[in-house]
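Summary of the model geometry
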Amino acid sequence: MTGSISFILNGEEMEVRDFGPTETLLDWLRLSRRLTGSKEGCAEGDCGACTVLVGRLVEDRLVYEGVNACIRFLGSLNATHIVTVEYLAAARGALHPVQSAMVDCHGSQCGFCTPGFIMSLTALWLTNPKPTRDDIERALQGNLCRCTGYEAIIKAAEKASETRADASDPLYGGAEKIASRLRDLALTETATIEKDGERSILPASIADLATILACEPKATIVAGSTDTGLWVTKQMRKLDPVVFIGHLSELQSLAVTPQGIHIGAGVTYTQAFDTLSREIPAFGRLIARIGGQQVRNMGTIGGNIANGSPIGDTPPALIALGAELTLSGVNGPRRLPLESYFIEYGKQDRKPGEFVESVFVPRPKAGAHYAVYKISKRRDEDISAACGGFYLELENNTVKTIRIAFGGMAGTPKRASAVEAALTGKPWTEETVKAAQAAFDTDYQPLTDWRATADYRRLAVKNLLMRFYLETTGNPQELKRYPEAAE
Amino acid sequence: MEKSVLTTAASIKGPMHASLRHDSAHKHVTGSAEYIDDMPEPAGLLHGALGLSDRAHAEILSIDLTDVLATPGVVWVITGKDVPGVNDVSSGGWHDEPLLAETKVEFHGQPIFAVIAETRDTARRAAKKAKIAYRDLPHWSDIDGALENNAPYVIEPMVLHRGTPETEIDKAERRLQGTFVVGGQEHFYLESHIALAIPGEDDDVTIWSSTQHPSEVQHIVGHVMGIPSNAITVNIRRMGGGFGGKETQGNQFAALATIAAKKLNRAVKFRPDRDEDMVATGKRHDFRVDYDLGFDAEGRIHAVNATFAARCGYSADLSGPVTDRALFHADSSYFYPHVHLASKPLKTHTVSNTAFRGFGGPQGLVAGERFIEEIAYAVGKDPLEIRKLNFYGQPGSGRTVTPYHQEVEDNIIARIVSELEESADYQERRAAIIAFNAKSPVIRKGIALTPVKFGISFTMTAFNQAGALVHIYNDGSIHLNHGGTEMGQGLYTKVAQVVADAFQVDIDRVKITATTTGKVPNTSATAASSGSDLNGMAAWDACRQIRERLVKFAADAWKVAESDVIFLPNRVKIGGEEIAFNDFIKKAYFARIQLSAAGFYKTPKIHWDRKAGRGRPFYYFAYGAACSEVSIDTLTGEYQVERTDILHDVGRSLNPDIDKGQIEGAFVQGMGWLTTEELWWDAKGRLRTHAPSTYKIPLASDRPRLFNVDLAKWSENAEPTIGRSKAVGEPPFMLGISVLEALSMAVASVADYRVCPRLDTPATPERVLMAVERLKGL
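Every value quoted in this text rests on a predicted model; they were computed, and no experiment measured them.

**A short note on the overall build of chain B**
Of regular secondary structure, chain B possesses 19 helices and 29 strands. Relative to the 2.2 N^0.38 estimate, which gives 28 Å for 778 residues, the radius of gyration of chain B is 27 Å and therefore close to what a compact globule would have. Taking the principal axes of the C-alpha coordinates as reference, chain B spans close to 85 × 75 × 50 Å. Scored against the burial criterion, the 778 residues of chain B give a buried share of 63%. Taking contacts inside chain B between residues at least 6 apart in sequence as the whole, the part at least 24 apart equals 80%.

Put into structure tokens, the structure is as follows:
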């Protein structure tokens with residue numbers, strides 16, 4: 001058992017042992033290291049002013065991803081390379097191409113959000129040699145700017161791509177050396193770091209994880225901390241002990257089989273994006289609208305399910321696909337249909353000591369129709385007013401199987417069973433759809449809140465069924481609302 | 001500086017009218033630009049956190065702070081009783097805004113106490129431990145609630161009146177009445193409020209405050225502490241955005257930090273969390289506009305009668321001038337032959353609303369545009385046609401007098417609009433959209449071209465003054481200071497350009513220094529778009545004085561006529577001799593020439609009598625126009641801005657690239673105000689949209705898919721402003737109205753453009769869908 005973690009901060013490898021389980025990376029950088037380039041704008045992972053890059057090994061390949069330092073716990077960073085805005089120019093002795101382009105294109109005004117934009121654009125620059133405007137917008141979904149109107153920043157991103165990464169770039173040129181150091185820093189046994197009696201626990205394997213959870217009933221499991229981070233920064237909750245699982249490669253399997261897709265609970269949205277976009281494009285398009293890029297780089301589909309939020313975006317999409325969940329613990333794995341995991345608001349079918357291990361997504365049958373619709377005030381980086389998955393199998397234009405599930409309409413993600421019943425066995429026609437719409441009022445009694453009124457939610461879900469019908473029968477071009485990420 | 005080599009460059013780096021980068025751009029991108037929270041912390045620094053009310057309106061029966069004080073690391077708790085001077089931070093001296101509530105609270109989130117602790121985290125956690133007993137009182141959060149409860153006004157309302165609307169409105173061929181609700185807006189500056197107070201000897205204190213108005217922070221701190229202004233120095237190098245939200249709202253944090261710093265003799269910092277900042281500081285006023293319009297069959301306006309009721313919050317703050325400015329802009333660009341406009345600045349149990357880019361003007365202007373839309377649909381014409389029909393005329397046309405009896409002398413709106421109509425292909429695109437809508441059942445499009453005319457000057461005439469301080473050191477380097485503050489708008493860069501131009505030296509020679517009350521006193525807020533107009537002129541005046549002394553010195557020493565002393569790029573030509581600027585300055589120093597000057601400027605011509613509703617409140621007008629195209633999904637109300645074209649008037653631009661940045665940013669901010677940015681209070685009077693997770697400002701992907709922005713390059717200010725430029729901060733904010741009216745057209749298509757949809761703002765997808773539904777029922 002070790003009592004420390006190790007990582008590389010900019011150009012310096014270090015071992016850190018004096019930190020609490022909920023100390024954020026941003027506070028550590030600003031207060032302990034006096035690296036004040038990264039800013040706190042919101043302390044909840046929405047504005048991106050705190051964005052730093054975290055390099056980590058994914059399938060033994062070094063990838064740098066933008067993350068929200070404000071809600072990232074320091075304890076989750078073992079065997080990573082943390083890169084802050086200060087390093088980019090310092091390591092080169094001159095402005096990085098992204099920085100020069102931002103200066104030349106007037107991409108900063110008040111400048112407070114700028115370091116975060118620089119880091120998000122650097123992550124894009126490292127991986128995408130010729131980004132389209134849509135690529136750039138997607139890379140910037142987690143960065144708010146209140147001054148520029150973004151046009152100058154988009155132009156800067158395009159201009160930066162004219163200069164390519166080469167050996168002179170410390171992140172690109174030095175990648176092999178860094179990767180090799182990170183391999184050495186990976187945990188080989190469980191680490192526990194204690195400060196003021198509070199513990200961070202880093203299991204070295206899922207077997208360790210099961211053992212730890214069995215004897216730590218108060219443990220909070222933290223993968224990406226995109227939700228738990230806010231428990232700390234906003235609700236000021238004490239979490240002790242925290243068991244970090246983001247580094248466990250055993251939870252990061254992503255396997256495509258003829259039957260479907262197996263997604264490990266620790267797979268981030270970003271890791272799953274390409275596979276899901278290819279296998280189930282509508283699901284991929286949903287992923288591109290969850291959080292900002294930084295949140296997608298940290299957040300996991302497993303976490304989105306495990307915390308049982310009624311407004312999580314992936315559960316309704318997965319329930320409509322008939323997904324199955326695997327929970328595990330010292331007594332071994334247990335499988336259940338995803339929809340039965342959500343018992344009621346705030347209550348899930350997860351026994352003490354259990355953790356979410358994976359989710360299995362059955363492949364839609366040939367000829368089946370599948371769509372996901374997310375309704376929110378702002379298209380990107382917003383929490384759903386309602387989010388619905390629709391899965392339909394037809395036989396001779398008659399509804400053989402239909403599964404409809406919505407988030408935001410009840411205390412849990414929930415099937416629209418009355419609507420499904422009204423459609424099943426009926427001809428798939430506008431008349432059938434219109435007749436079935438009213439059954440949504442049986443299925444859902446939504447609330448009015450700051451995201452939408454109950455009236456709007458009720459009307460929108462009915463109209464979404466109509467949209468689904470029109471998309472399965474009409475000209476998709478005429479129905480297209482906006483350019484989609486996964487196209 | 002070494003003795004310089006004489007160069008003979010044809011021009012300097014960074015004169016007026018050049019597109020220079022923001023002076024801090026390099027520091028912004030490397031993370032080295034220092035904001036207040038980034039400054040090295042003084043030894044022994046303490047941190048403050050607010051204790052906020054969790055009632056909207058209640059008597060405070062008792063405050064039990066035992067558990068707060070018992071928290072390890074807590075040093076002190078400030079309550080209202082601990083205020084050494086007056087427990088009031090009202091900017092207008094109304095005594096209606098306690099720093100800390102003592103006997104009653106009037107909004108959910110009102111500060112009651114402040115914890116001072118060794119760390120920020122300790123202070124925040126401890127602040128949750130107070131036990132406060134209340135007796136609830138009836139509360140209302142919104143305008144309708146205020147009207148139903150006969151809420152008092154927070155300040156005397158204003159009326160603008162011209163002609164005889166009472167009788168003329170009946171004589172009009174056509175008449176219609178309506179109501180329009182326009183939402184408020186959170187500033188969402190990326191840097192939240194912050195103040196750092198460092199105690200000194202005697203009464204002295206040095207404050208670093210993220211404020212647009214250092215002199216007011218100084219004044220309020222003096223009031224709260226009971227000490228004279230000369231003991232207080234307020235500094236600010238840069239803010240991470242302001243937008244009006246840091247005009248008065250920073251006072252409370254600076255005051256609390258100072259009280260604690262002086263009591264404990266340790267430096268104290270207050271940096272509220274984002275959610276606390278959004279809950280405890282004011283926002284843009286929302287309005288309910290009730291209107292009665294008389295017009296002819298062609299759509300020409302005959303008479304307008306409108307009431308502007310505003311949610312002001314619990315105190316006056318700046319609600320008087322904000323609601324006044326709404327009335328000043330309710331005419332938009334249009335001549336109203338007979339008009340009656342009245343404000344209702346209503347008290348509500350919400351945080352006191354405050355300045356926000358446009359300062360009430362946008363709310364008035366968008367109402368004026370709604371009047372036009374209503375009339376256009378009523379007479380069955382393209383709204384643009386009705387706009388043109390009602391524009392103010394040129395002098396002599398008999399159509400130039402505003403509702404406040406000021407003549408519009410510099411009107412260029414017709415030219416701006418017709419050039420944009422042409423360059424944006426408005427007519428063809430509108431025809432194509434109408435054709436598209438006819439055969440597209442689900443997706444509908446809309447297009448709108450809307451004008452902006454915005455009055456420039458503080459309507460409080462006294463505020464239209466500014467000072468600057470310029471030193472030339474004997475090595476030839478220049479130190480520049482002025483009363484304006486930098487919040488990203490590029491003011492420091494522009495004023496430095498003025499100085500570089502005045503002495504004909506490269507701008508690198510001009511050091512821009514942090515705004516401080518110790519160098520330039522009695523400054524006005526950097527607000528009302530006036531920053532470069534006022535401070536640019538004050539700096540110019542300081543440079544003029546030094547130049548005059550230098551010219552006289554050169555003429556005497558070289559024995560030439562004063563007209564033979566010419567400032568060339570980085571050198572001075574004296575008779576037949578050219579001498580490097582540095583060497584010339586050195587000689588002037590040895591000749592004991594004063595190389596420092598305080599400059600001053602006050603805007604001429606303006607005057608205003610609020611009671612009479614008459615005068616010339618504005619020195620000049622800035623103009624602009626935008627054309628936006630949108631598409632909406634009639635099943636969900638979701639939308640997309642497809643394209644926006646802008647032509648905007650900044651006179652002769654001091655810095656075209658910086659001005660373009662202001663226009664683009666203001667447009668997107670204005671669009672956000674009218675579309676996705678929604679403030680939502682629950683039945684208990686709690687603001688529930690208090691963080692970016694719930695309050696949605698535009699993202700990169702919300703900006704128009706195609707975005708063309710141009711300056712009206714031919715424009716020059718008719719008044720002798722600095723370089724004949726015009727103010728740019730606020731006017732382009734209202735270009736965002738084009739998006740609202742384009743959405744309105746897309747909605748109207750559902751009922752074949754027969755009726756003007758009621759589309760209140762923010763026009764969220766929900767409001768768009770509900771408007772579609774209402775039209776489907778017709």
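We are not done yet, so read on.
**Some points on the overall build of chain A**
A tally of regular secondary structure across chain A gives 21 helices and 20 strands. The C-alpha radius of gyration computed for chain A amounts to 23 Å, which stays within 12% of the reference 23 Å derived for 487 residues, consistent with globular compactness. For chain A, the spread of C-alpha atoms along the three principal axes comes to 70 × 55 × 40 Å. Scored against the burial criterion, the 487 residues of chain A give a buried share of 58%. At a minimum sequence separation of 6, the contacts of chain A that also span at least 24 residues come to 67%.

**With respect to the nonpolar core**
V243(A), V115(B), I207(B), A257(B) and L743(B) are the most contacted members of the largest nonpolar core, which totals 355 residues. Every residue in contact with V243(A), bar those within four places of it in the chain, is listed here: I201(A), P203(A), L209(A), I212(A), L213(A), E216(A), A219(A), I221(A) and V222(A).

**Thoughts on helix α11 (residues 383-390) of chain B**
Residues and elements named next belong to chain B. Of all the positions in α11, only P383, L384, I386, R387 and N390 are classed as buried. One side of α11 holds all its buried residues, which, seen down the axis, span an arc of 160°. Considering only its buried residues, α11 is in contact with β14 (301-311), α10 (361-379), α13 (426-438), β16 (443-456) and α18 (737-748).

**A look at the interface of chain A and chain B**
Accessible area lost during the coming together of the parts is what is often quoted as the interface size. Each partner contributes to the interface: chain A provides 65 residues, whereas chain B provides 67 residues. Listing elements by their share of the side of chain A that touches chain B, those giving two or more residues are α2 (85-92), α3 (97-104), α4 (114-127), α6 (151-160), α20 (454-473) and α21 (476-479) of chain A. If one sorts the elements of the side of chain A that touches chain B by residue count, α20(A) sits on top with eight residues. Grouping the amino acids of the side of chain A that touches chain B by side-chain chemistry returns 34 nonpolar, 15 polar and 16 charged.

**Structural notes on the packing of helix α9 (residues 319-328) of chain B against α10(B)**
The axes of two packed helices give the description: the angle between them and the distance between them. Residues and elements named next belong to chain B. The geometry of α9 relative to α10 is characterised by a closest axis approach of 7 Å and an angle of 30° between their N-to-C directions. Here α9 lies roughly parallel to α10, going by the angle between them. Helix-helix and strand crossings are classified by hand; for α9 and α10 the assignment is right-handed. Facing α9, whose interface residues are R325, A326, L327 and F328, α10 presents G361, Q363 and G364. Here the residues of the contact of α9 with α10 are counted per class, giving three nonpolar, three polar and one charged.

**Notes on the sheet that holds strand β17 (residues 465-472) of chain B**
Residues and elements named next belong to chain B. Reading across the sheet, the four strands line up as β19-β18-β17-β24 and stay open at both edges, with mixed pairing between neighbours. Each having just a single partner strand, β19 (510-512) and β24 (596-602) make up the two edges of the open sheet. Across the sheet, the mean angle separating the axes of adjacent strands is 25° when strand polarity is ignored. Where strand β18 (residues 478-482) and β19 come together, three bridges link them in parallel fashion. Across the sheet, residue I478 finds its bridge partner in β19, namely V510.

**Observations regarding the domain arrangement of chain A**
Assigned domains of chain A: these are domain 1 (1-186), domain 2 (249-362) and domain 3 (369-479). Each of domain 1 of chain A and domain 3 of chain A has a C-alpha centre, and the two are 39 Å apart.

**Observations concerning the pairing of strand β7 (residues 198-202) of chain A**
Residue and element names in this part refer to chain A. Judged from the five bridges that link them, strand β6 (residues 191-195) and β7 form a sheet pairing that is antiparallel. Residue pairing across strands places E194 opposite R199, the latter belonging to β7. The turn linking β6 back onto β7 is made up of two residues, and D196 within it adopts a positive phi angle of 50°.

**Quick look at the sheet that holds β6(A)**
All names here are of chain A. With mixed pairing, the four strands of this open sheet are ordered in space as β6-β7-β9-β8. At either end of the open sheet lies a strand with only one pairing partner, and these are β6 and β8 (220-222). Direction aside, the axes of adjacent strands within the sheet are offset by 20° on average. Sheet analysis places β7 next to strand β9 (residues 242-244), joined by two bridges and oriented parallel. Looking across to β9, one finds that S200 is bridged to V242.

**Overview of the environment of N582(B)**
Residue and element names in this part refer to chain B. Residue position: N582 is located in helix α16 (residues 581-590). Judged by local crowding, N582 falls into the buried class, with 23 C-beta atoms found within 10 Å. Between the C-alpha atoms of N582 and R616, which are 34 residues apart in sequence, the distance is 45 Å.

**Describing unusual backbone geometry**
Looking along the chain, the bond that leaves D240(A) and enters P241(A) is cis, with omega of -5°. The omega angle of the peptide bond from T761(B) to P762(B) is 0°, so this bond is cis rather than trans. Positive phi, normally seen in glycine, also occurs at S529(B), with a value near 60°. Within the secondary structure, S529(B) sits in the loop between β20 (515-516) and α15 (531-558). A positive phi angle, near 60°, is found at Y753(B), a position not held by glycine. Along the polypeptide, Y753(B) turns up in the loop between α18 and α19 (765-776).

**Digging into helix α12 (residues 413-423) of chain B**
All names here are of chain B. Among all positions of α12, only I413, I416, V417 and L420 are buried. Axial view of α12: buried residues confined to an arc of 90°, hence all on one face. Of the surrounding secondary structure, the elements contacted by the buried residues of α12 are α11, β16, β27 (620-633) and β28 (639-648). Just beyond α12, the residue with positive phi is D425, at close to 60°.

**Here we look at the environment of G142(A)**
Residues and elements named next belong to chain A. Mapped onto the elements of the fold, G142 is located in the loop between α5 (133-139) and α6. A C-alpha to C-alpha distance of 9.6 Å links G142 and G66, two positions 76 residues apart in sequence. Beyond its immediate stretch of four places on either side in the chain, G142 contacts G48, S120, G291, G292, Q293, Q294, V295 and E381.

**With respect to the pairing of strand β21 (residues 565-568) of chain B**
All names here are of chain B. As defined by bridge partners, β21 adjoins strand β22 (residues 571-574) across four bridges and the pair is classed as antiparallel. The residue of β22 that forms the bridge with V565 is I574. In this structure, the hairpin formed by β21 and β22 is closed by a connection of two residues, where N570 is found at a positive phi of approximately 60°.

Quick notes on the rules
Residues numbered from 1 in each chain as written. Chains lettered and ligands numbered in written order. Predicted model: local features only at pLDDT ≥ 70, side-chain atom pairs only at ≥ 80, totals over all residues. Helix = DSSP H or I, 4+ residues; strand = E, 2+ residues; numbered from the N terminus. Rg over C-alpha atoms; globule rule 2.2 N^0.38 Å. Buried ≥ 20, exposed ≤ 12 C-beta atoms within 10 Å, placed from the backbone. Contact = placed C-beta atoms within 7 Å. Core = buried A, V, L, I, M, F, W, Y, C linked by C-beta atoms within 7 Å. Arc of directions from axis to C-beta. Nonpolar A, V, L, I, M, F, W, Y, C, P; charged D, E, K, R; others polar. Axes fitted to C-alpha atoms, helices over the stretch in contact; angles between N-to-C directions. Parallel < 35°, antiparallel > 145°, perpendicular 65-115°, else oblique. Left-handed = near helix turned anticlockwise from the far one by under 90°. Pairing = 2+ DSSP bridges. Domains from an automatic or database assignment.

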